[in-house]
Amino acid sequence: MGETLYSSSFQPDPRSARDVLAFVLTPVGAFASAEDPDELEAVTELLDSAKAEAIKRWFSLRNEVAAS
């Protein structure tokens, strides 16, 4: 089990292009140990999905604002 090295109450804003972009550009190594290839692969798979969802959500929220 991994040890928590850092914890924050920061919650990214899905309507903020900056927050979404920061998440999308964050390397996998920030979330997984590069020394464990299995962990790196699993985290990469989860992050790819989460990053795609963050982009879709941002576009959806942006389109809602534009339609208002």
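As a reminder, the structure under discussion sits directly above these lines.
Residues numbered from 1 in each chain as written. Predicted model: local features only at pLDDT ≥ 70, side-chain atom pairs only at ≥ 80, totals over all residues. Heavy atoms only, no water.

1. Concerning the pattern of salt bridges
Step number 1: Going through the model one piece at a time under the given rule, you end up with 1 salt bridge.
Step number 2: Taking the shortest distance from any N to any O, the salt bridge between Arg-15 and Asp-13 comes out at 3.2 Å.
Step number 3: For Arg-15, a relative accessible area of 59% translates into the label exposed.
Step number 4: What makes Asp-13 partly exposed here is its relative accessible area of 25%. (Salt bridge = Lys/Arg side-chain N within 4 Å of Asp/Glu carboxyl O. Buried < 20%, exposed > 50% of the residue type's maximum accessible area, 1.4 Å probe, protein only.)

2. Thoughts on the side chain of Asp-19
Step number 1: Along the chain, Asp-19 turns up in helix α1 (residues 17-25).
Step number 2: For Asp-19, which is buried and forms no salt bridge, the nearest opposite charge comes from Arg-18, at a distance of 4.2 Å.
Step number 3: Only 2.7 Å separates the side chain of Asp-19 from the backbone nitrogen of Asp-13, close enough to count as a polar contact.
Step number 4: Once residues within four sequence positions are removed from consideration, Asp-19 is found in contact with Phe-10, Pro-12 and Asp-13. (Helix = DSSP H or I, 4+ residues; strand = E, 2+ residues; numbered from the N terminus. Lys, Arg positive; Asp, Glu negative; His and termini not counted. Polar contact = N/O pair within 3.5 Å; in protein donor to acceptor, adjacent residues only side chain to side chain. Contact = heavy atoms within 4.5 Å.)

3. Quick word on the layout of surface pockets
Step number 1: Put simply, the largest pocket is a space of about 350 Å³.
Step number 2: Lining the largest pocket are 13 residues, with Pro-12, Asp-19, Val-20, Phe-23 and Ala-54 positioned closest to its centre.
Step number 3: Elements with a contribution of two residues or more to the lining of the largest pocket: α1 and α2 (37-67).
Step number 4: By residue number, the principal contributor to the lining of the largest pocket is α1, which donates 4 residues. (1 Å grid on protein atoms, 1.4 Å probe; cavity = no way out; pocket = protein on both sides within 12 Å on 5 of 7 lines; lining within 4 Å. Points joined across faces, edges and corners; volume = space filled by probe spheres on them.)

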